[in-house]
Every structure is written in C-alpha cells, then in structure tokens.
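# Working through the structure, step by step
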Amino acid sequence: MKLYETILSILILIPILSIYSQEKSYWEQVPEEIRNKNSFKRYEWFYRPRTDKNGLLPTKHIKSEMLKEKNKIASLNKDLSGNKGTSDVWTNRGPSSVDLAGSFISHWGKSSGRVRSIAVHPTNPDIVYIGVAAGGIWKTTNGGSSWADKSGDLNLITFGAIAIDPTNPETVYAGTGEAQYNSNYTTYLGDGLYKSTDGGDSWTKITNDFGENTQFADIEVSPHFPNQLLAALSSGNYNFGTASNRGLWLSLDGGLTWTKKIAGNFFDVQFHPNPLYKKYLFASRGRNTDEDGGFYISDDSGVTFSNNSTGLPAGQRISRMQFAISQSVPTTIYSIVYNEYPTLYFFNTAAYSSNDMGLTWECISIGQNIAGSYNGTDVIDQGSYDLCIDINPTNPFDVMFGNVELSRTLNGLDINFIRNLDGPYGGSTAWDCPIHVDVHSIKFAPSNSNIVYVGCDGGIYKSSDGGTTWYDLNNGINTLQFYNIASHPTDPNIIYGGAQDNGNFATSDGGATWEFKSSGDGMNCFFDRNNASNIFISTQYGALARSTDGGVTFENLISGQTSKTAWNAPFWQHPVTPSIIYAAINRRIYQSTDYGAGPWVSLSGWEASKTISSVAQSPITYTNWMEVESQYESSPKVRRSTNEGAFWETVLELTGPIILNIVADPFDGETFYMCRATYTDSMVMRTTNMGDTWLNISVGLPSVPANDVFIDPKNRNHIYVANDFGVYFSSMAGTNNTWQKLSNGMPFVPVLDFNFYDSGSGTRYLRAASHGRGVFELNIDTPLPVELTSFLVENKGNGVLLKWQTATEVNNYGFEVQRANLSGQRSKFEKIGFIEGSGNSNSTRQYSFIDDAIINGKYSYRLKQIDLNGKFEYSDEIEIEVNLFPKEFVLFQNYPNPFNPSTTIRFGLPIDSHVKLELFDVLGKKVAELINQEMPAGFHNFQFSSVNYQLSSGMYIYRIKAGEFVQTRKLLLIK
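The structure presented is a predicted model; accordingly, all values stated were derived computationally and were not measured.

### Focus: the overall build of the protein chain
- Looking only at helices and strands, the protein chain features four helices and 73 strands.
- Expressed as a percentage of its 975 residues, the buried residues of the protein chain come to 60%.
- Look at the contacts in the protein chain between residues 6 or more apart in sequence, and 54% of them connect residues 24 or more apart.
- Accessible area of the protein chain: about 36,700 Å², with a carbon and sulfur share of 48%.
- In the protein chain, 76 side chains carry a positive charge and 97 a negative one; their mean positions are 7 Å apart.

Below, the structure written as structure tokens:
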C-alpha cells in the first residue's frame, strides 16, 4: 500500500517520531533572566519548533529541499507555472512600511524590519546596501527614495555585515548571521559569506572556510589592496555554543580562502583609510569565559597582531567593542565599549578616544548614560545587542554612537543624546529619539559628510544635514514578519495584521499604506462577522483588545498572562453565535458571551496538562472541537471535545515534532487537519473521525514545517498548505502526490497564516501572512481554465491512445494535442490534433484521442488547453515507448487534411514488401511517384510536400501497392 493511502494510527506514528531526543532541550538551559525577556520569546516561538535536539536548524536539509523545489519549478513550462485548478498569481499587499502617524511616536515616521548592516558607496552617497534581519539585502540608487530587493534566493537569511570594494564598487561582500555579545536567541544564524560582482544583482557563496553556521559581525575590504579582506565572527546563539569559527579572519584572494588570525568573539575590523598607513589593520574582541576583550593592531598587513588596550577597561570587562577611524585625522580613533558588569560609575557602556592610532585610550563619557532611558532616569542598556559608532569623514570631533538611543559628541569630549525636543516627552526620554530605538549601524557617506544613514530595529533612517534632522527611508522595504492577519467581512481593502516586535497595524486601501494600531508583538486578530465595527486584536501571551468604532480606538479586554499561556494564544469567534468569543489562556478555554466585554468564564473545571497552542471549532458541527497542547513540549498532545468544550479526551500523544496548528474542515464536522514542524514526513495529516485515525497527505510536499491549511469552501478537493517555503496547492485533496508550489509572485519565504475574504458575489481572496515579506493575496475566483485530474497514454492497436479527464471547466475552448519525438535528438512539440472542450462544466468530463500517424520509437505527449479568450496552459508531459506492429496491410488517412504545403501519409506492412506509393489527380493522371522500393515490415510515415511537385489547389488521390495489396485515399491541397 502506498504511503499516502496509509492511515496512521498512534501506534504507527509514535515509532516514526521516536528519533527526536527526549533529553532536556538546549532551549531550557538558557538562563531564566534571558528566557523571560520578550526578545527571547519571540525568537523562541518561531525557531524552537524548527530546530533539532541540539537547538540548531537543519540547514543542510533545508537547502537540499529548497534546491529540489527550485528544480521542480524550473522544469515546468515557461508559459505557465503548471499549477492547475487555481490562480497562481500572487499580489503583495505590503506593508512596505508601517505609518506610525497618530501614535505617540509619530515622529518616527514609517517603520520596517530590523536593519543590521549598512554599506554606502565610496563616491556616490545615493547608493546604499542594507542587510535586514531575516529579510535579505536591499539596495537604493537614489538615496533611499526607493529600494530594490537584491536578496534573490537569500531572502530568509540575515546579513550582519556588508562591505563594498572601494576600488571596484560593483563588488559587494555579505556576511550572514547576526553577532551579539554573549550567546542569545535574538539573533539569527547565517550560512557563510556571499559575494556579488554585479552590484547585488546576483550572489555566490564563495567559501566554505567558515563552516555551515556563521555569526558575522563585520567584514571590510582594503582600500589599498582589493583582494585583502578582514572579517569578524562572533557568538550569537546559545545552541551554537562556543563556535569554532569565532575569530578574526584574513583573506588575501578576494574572499576565496581565509585564515583565522586570532580566536575569540570579534566584533569590528577595519583597514586604515590613509594610504600612508596601508599596512595597518585593526580589530576589536569581546570577552568570553577564557578570553579577554581588547583592541588589536597589525602594522604588517595582518601577519601579526598585538593587543593595545592601555586605558581601556580590563580585558574581562570588555564584553563588546566597536570602533571607527577618522578619515581626516588618521591618528584619531574612537570606540564604544559595552561591559557586562558596570565599570565607570555604574554604567555598562562607555566611549573612548585615542590620539595615537589605538596605542592608548582615554574615556570621554565618565559618569554618563550614553545607552538610553525610557523614563529619563533609569538606564536601559542593550550594548550587547545594539552597539555602533561612526565618525564624520571631514570632522574628527564629530562622532555618533548607537545603543538604545543615538548620542553624539561635537568636540570629541562631551556626549549628549540626540533627541527631538518636540517629541512626546519633550526630549527627555528614548521615546524622543528622532529615529526608531535600538540602533545597530551608523554610516556617514564617505563622499558627503552631510549624509548619515542609521539602521535600527525600525528600519533605515537618514539625515541630509549632518545629523540635525532625520527622516525615515522605509517606504518600499517589505520585511515585516507576520504572525496573523484578518480581512474585513465586506470591504476587501481593509486588512489587519500582527507582526513580530511591531504590534498590530491595518490598511484601508488594499495595502498601499498601513497604520500603526498597537505596540508589542501583534498576534491573532479578527473581525466580528455581523458587525465589522467590532475588531479584535491581540499581543503576546494572550493580551486581547477590542475596538467598537472600526479601529479608531481600542480597549483592553484581557491582560497578558503567565507562562501557562502560549506566546501566540488562540482567540476566535463562535461560528454560529457571534456574541460568543473564546480565549485559550492559562491552560484553559474561556468564554465571553458579550463580545468579550462581559465576564470570561472557564468552560469546565478542566485544566490542560500543557500549554494550549491551537484550537479548532468545526463550523459545521460546532459542538466538535479539537485542541493542541504543543507550545514547545517534547510530547505534544491532541484532545477533542464533542460537547462544545465541556468535556475533553486525549486522542493523540506524540513523541517528537511540535504540532503548529489544528484546522477544521468547512465541509465535514469530524474532519480536521494537523500541521507539524517536522523535516521527515507527515507534515500535514487529516482525520475524518475526530482523531481516531490520521491520514498523511504530505506526499509531494517539501519536508519542512507546515503552518496552516485552507480548504476552498466551494471545492473540498482544493487544499492549500502554508509552510516554510511558501504556499502549496492540491486539486485532489492532497492525495496522489498532487502538491504544487504557487510560486508566481511569491519568493521562498515562511507563510504562517491564511485568511479568506469572500464578497458573497464572486470575489474571493486567499491571503497569506508571510514571516518576512508581508501579506500576499491570491484571487481564487480566477482559476486557470481547466482542472485536469488525469492524463494517460497507452499503446493501442495501430497507434497511441491518449485519455484525460477534467473535474471542472471554465470557458474551455478545447485541447490541442501535441507530440515530441524523443528518439535520437529530441524534436520540438508539434500539434497533432484538437479536441473541442465543454465550455463551462462542474461535472467530470472524459476525453480521448488516437495518434495513428506514428512509427515505433519514444515519444512525449502534452495537452495545450485553450480557453475562449485565448489564454492557455500546458499539462504535464507524459513519455511512452511505442512498439507497434501491423497485423495486416493498411493505408491511413493523411494528416493534416486539408493541408498546405505538407502532410504525412502513414501506412503499415505486416511483412517485408516492395512498396509503390503514387499520387494522381481526380482525372486519374499520375502526377507523382512518392515511393518505389523494398521496405521492411512495420509502420511507416512519408512526409509529402506539394512544393516539390508544383501542384495547384484541389483534390488528389494517393494509392499504395504492396504485393497483392492495393488501397487508395483522397487528400485535399488548399493554397
């Protein structure tokens, strides 16, 4: 029995999953003070279900699966994507940014995803590259007015370091992964170093010297020796441990090979910009358990390095250090140092200057908070996470520093925060920072000191007057990481969404602009079906808010909960009674009967043994529920209730991958779908009996985690799956290996949530929330013309029989039958026949065609389906080995007929024979002798061209003589 036909019971399923470790997870070994932070929780929520027993992503497997999918897409015909039964064209609905207007931080303008690295062209300040956390590489050529996505297939990767070759600016290097002092879970792993030689249009991974997983902090290209590069690699992930590739690395051949010069957590590297000091190289190292931090100098082009930290904190107190070299005064260097333990007057971050090229240092921020403060008093220091510095290229006393906030010195001594006096707190807090807080990169344009670019958790910002005024450049950078989305029940232009670390936001114009609605991590959101003025939004740990005025204002209904509540807690509305709202929090399911305003009452005294992460209520039999207890548990559990949540029983308890979602079927009250985070098999499973047995419907899907399922309410066989590569579609309910990627307009990106808009009058949109590229929309009311459910070819009598079947047809004009000869050198596909379609049909239609104009050999067949408007699509190609032998003499009708100027005459010989094939006009006059020779037994084709015989239009007769056999047929030439 085939795998997709196997119904998996609990006894079968558990052994398959037993390969997953039962030992304590690395995630649980993270210090409690780190685990309790939202920065950890949001990272854990996405990555923990997707990692192996060591807490690492199986990157080799993911790349292998992605390559397979790319090859599948590439093998499809170029005219269409090859998907059948649904539209395959995605439209991106943004957000290209989120407008913070109307919020208390409106002065931050528009925000996008976290920018980790910036590279500015050496002579053109309008050309800039940025690396976005899990959002790829973006480029502007007009100073940030618009951006182009240069990620290609790398859009899932974080780029912690970008460098432009100053001697050849079309050459760009990009180091993947994010570095941070001390291991953490707020940074993303990379997979090495990439290089572009065409300005970012294409990228190549150029070396394996760094290994499979990287955390790039910096990379620089020498302005004096273009093949000389420096790279700083550091820590960044608890699960990765003390990585062997941490260190200061040097390349002398343009990045092809690398040598590690010093081990340790290196954060910054630079070549001296002045040609007088072209052999001077600099680097900074942060401390580790058995390694001191410090400042390193080489005066022999990297052959040797020495530690020069006089005046800096002790090595065990330099946790992270960033520095910048003055272009105008080459002996001047500034640095910003973060210490895990307070050093000077109880501050963790301090600034230093050196006037002798880093040999000795002096603190210039004694007793000052240069990190940040949200209330004007308490110090908030995130120097382990965001720390940066740069110097005005024409003024050695003008230096900017980045931590939570921006700060600056204009005289090389006094440092002050850069704050907006017109901000919400009059310039006294971090909320008054002129740009979004948490600053990761500061870059003065080398050729224009008035232009400064800053990358932060809110995207990319710019000053064109040397830092006096600031504005965002986030329009067009579509990098937000959605959790969930919701569509207005009657207005297709209104969409709400919740995203990682960006709260909830909404669009009222179909995605052209998005507005800020709440802070935090935006989660589940939905509209009241009966009254769209009631809008529900949520944030982390089950905090729920409601608007009764169409989103103008919101009131809190439930506050954030405890560790017994999922990071993305389930909320939903009763399918029949809209006043009933449900919440799965504190390991219980609560109900409000007054649209969330009234008291929240537990449905029973029952409390789940584990965190409830997903609940599905059948819209057909609303008393039937299924829930999943699988936040991060090693033994996820599935329970069911048949009395609307009053009583529950366990139907499945697994060992292994986390269950990410449970989805109810819109046609049958006992049918549910399960989505799992696995890299082996059974990513999507279906039960038709409330969990007693489960069917694996994953055959044909890539082996990556599945996140959501959508079943078309108009066609139960049409199923869509959202997984970590995008969206896949099956027109046969997921059976028979029928999954195909809907890739037209959507890159490889995780899709976490589906939402469906139905106007009720024909317009239906399937919306997909991606974790890194915003919202995509598919108009599933514009399917490709025909849903082809089968296509078969077989040897039959004197030819090849083609049979095909359709389930539905829309405006179907018909099918052009095409054939290619695979014997010897492959020929092109050519039309050999046409079968008329059924126009519009919702019932099964059968079609057939016999190709009798064929000789023995290997052939490939396909159908070109054409609709009434001329739109067409190709079927899959089917190959067949033809081995036909005639039982008697036969002369076939020529094809095509009528013809001009060529046609094929086919005949069959049961024995070797002398063959004479002649052509006559209608008066019986012989006009051509086509064949007169001995021929072997078998089928034969003769290609006849009228051009060779100067024939006029009209009817002709062709006759064959083979031994005693004689037969004639008519043909018609039309010029």
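Picking up after the structure, the text goes on.
### Notes on the nonpolar core
- Counting residues in each nonpolar core, the largest one holds 31 residues, and the members touching the most others are Ile 435, Ile 442 and Trp 470.
- When near neighbours in sequence (up to four residues on either side) are disregarded, Ile 442 contacts Cys 388, Ile 389, Asp 390, Met 400, Phe 401, Gly 402, Leu 406, Val 452, Tyr 453 and Val 454.
- Among the nonpolar cores identified, the runner-up in size contains 29 residues, and Leu 230, Ile 262, Phe 266 and Ala 283 belong to it.

### Quick look at unusual backbone geometry
- Cis geometry is found at the peptide bond from Tyr 895 to Pro 896, where omega equals -5 degrees.
- For Pro 896, the location among the structural elements is in the loop between β67 (890-891) and β68 (902-909).
- In this structure, the amide linkage connecting Asn 900 to the following residue, Pro 901, adopts the cis form with an omega of 0 degrees.
- Tracing the chain through its elements places Pro 901 in the loop between β67 and β68.
- One non-glycine residue, Asp 438, lies in positive phi territory at about 70 degrees.
- Within the chain, Asn 586 stands out as a residue other than glycine whose phi angle is a positive 50 degrees.

### Points about the sheet that holds strand β18 (residues 281-286)
- The four strands are arranged β17-β18-β19-β20 in an open sheet whose pairing can be described as antiparallel. Across the chains shown, the open sheet's two edge strands, defined by having one partner strand only, are β17 (265-271) and β20 (306-307).

### Observations concerning the pairing of strand β5 (residues 115-120)
- With respect to burial, β5 is a largely interior element, six of its six residues being buried.
- One ladder, built from five bridges, connects β5 with strand β6 (residues 128-132); its direction is antiparallel. When the sheet's bridge partners are listed, Ser 117 is paired in β6 with Gly 131.

### Notes on the side chain of Ser 96
- The residue Ser 96 is located in the loop between β2 (90-92) and β3 (98-99) in this model.
- Residue Ser 96 is classed as buried on the basis of its relative accessible area of 18%.
- A polar contact of 3.3 Å, which involves the side chain of Ser 96, links it to the side chain of Asn 475.
- When near neighbours in sequence (up to four residues on either side) are disregarded, Ser 96 contacts Ser 112, Asn 474, Asn 475, Gly 476, Ile 477 and Asn 478.

### Observations regarding the packing of aromatic side chains
- Counting across every chain of the model gives 42 aromatic pairs.
- For the ring pair Phe 482 and Trp 514, a centre distance of 6.1 Å and an interplane angle of 65 degrees mean the geometry is edge-to-face. Of the two residues, Phe 482 is situated in strand β33 (residues 482-487) and Trp 514 in the loop between β35 (503-507) and β36 (515-518); the sequence distance between them amounts to 32 residues. Each member of the pair, Phe 482 together with Trp 514, is buried.
- Here Phe 889 and Phe 965 contribute two aromatic rings whose centre-to-centre distance is 5.3 Å and whose plane-to-plane angle is 15 degrees, an arrangement assigned as stacked. Placement of the pair is Phe 889 in the loop between β66 (878-882) and β67 and Phe 965 in strand β73 (residues 965-973), with a sequence separation of 76 residues.
- Among the aromatic side chains, those forming a connected cluster through ring pairs are Tyr 277, Tyr 280, Phe 282, Phe 295, Phe 323 and Trp 361.
- It is Arg 50 that lies over the ring of Phe 46; its NZ or CZ is 4.1 Å from the centre.
- A cation over a ring is seen here: Lys 741 above Phe 748, with NZ or CZ 4.5 Å from the ring centre.

### Focus: a nonpolar patch on the surface
- A cluster of nonpolar side chains, Tyr 813, Phe 834 and Leu 868, forms an exposed patch at the surface whose accessible area comes to about 300 Å².
- Tracing the sequence through the fold places Leu 868 in the loop between β64 (857-867) and β65 (872-874).

### Details of the confidence of the model for the protein chain
- Summary statistics for the protein chain give a mean pLDDT of 88 and a share of 93% for residues scoring 70 or more.
- Low pLDDT (under 50) marks residues 1-23, which in the prediction has 45 contacts with non-local residues, meaning those over four places away or in another chain.

### Details of the pattern of salt bridges
- By the definition in use, this model includes 33 salt bridges.
- The salt bridge partner of Arg 48 is Glu 44, with a shortest N-O separation of 2.8 Å. Glu 44 shares its class with Arg 48; the two are buried.
- Beyond isolated ion pairs, a larger network of salt bridges with shared partners links Glu 918, Lys 926, Glu 929 and Arg 959.

### Points about the environment of Lys 714
- Tracing the chain through its elements places Lys 714 in the loop between β53 (706-711) and β54 (719-723).
- A sequence separation of 100 residues divides Lys 714 from Gly 814, and the C-alpha atoms of the two residues are 24 Å apart.

### Some remarks on the sheet that holds strand β23 (residues 349-354)
- What the four strands build is an open sheet, ordered β21-β22-β23-β24; its pairing is antiparallel. Strand pairing shows two members of the sheet lacking a second neighbour, β21 (320-325) and β24 (362-363), which therefore form its edges.
- Of the pairings in the sheet, the one linking β21 to strand β22 (residues 333-338) comprises six bridges and is antiparallel in character. Its bridge partner lying in β22, Met 321 is registered against Val 337.

### Quick word on the side chain of Ser 326
- Tracing the backbone through its elements, the reader meets Ser 326 in the loop between β21 and β22.
- The class of Ser 326 is buried, set by a relative accessible area of 0%.
- At a separation of 3.0 Å, a polar atom in the side chain of Ser 326 contacts the main-chain amide nitrogen of Val 329.
- Not counting residues up to four positions away in its chain, the partners in contact with Ser 326 are Pro 273, Thr 332, Ile 391 and Pro 396.

Cut-offs and rules
Residues numbered from 1 in each chain as written. Predicted model: local features only at pLDDT ≥ 70, side-chain atom pairs only at ≥ 80, totals over all residues. Heavy atoms only, no water. Helix = DSSP H or I, 4+ residues; strand = E, 2+ residues; numbered from the N terminus. Buried < 20%, exposed > 50% of the residue type's maximum accessible area, 1.4 Å probe, protein only. Contact = heavy atoms within 4.5 Å. Areas by Shrake-Rupley, 256 points an atom, 1.4 Å probe, with all protein chains shown as cover. Lys, Arg positive; Asp, Glu negative; His and termini not counted. Charge placed at Lys NZ, Arg CZ, Asp CG, Glu CD. Core = buried A, V, L, I, M, F, W, Y, C linked by side-chain atoms within 4.5 Å. Pairing = 2+ DSSP bridges. Polar contact = N/O pair within 3.5 Å; in protein donor to acceptor, adjacent residues only side chain to side chain. Phe/Tyr/Trp six-rings, centres within 6.5 Å; stacked < 30°, edge-to-face > 60°. Lys NZ or Arg CZ within 6 Å of the ring centre and 35° of its normal. Patch = residues over 30% accessible without salt bridge, like charges linked within 9 Å, V, L, I, M, F, W, Y side chains within 5 Å. Salt bridge = Lys/Arg side-chain N within 4 Å of Asp/Glu carboxyl O. pLDDT = per-residue confidence, 0-100.

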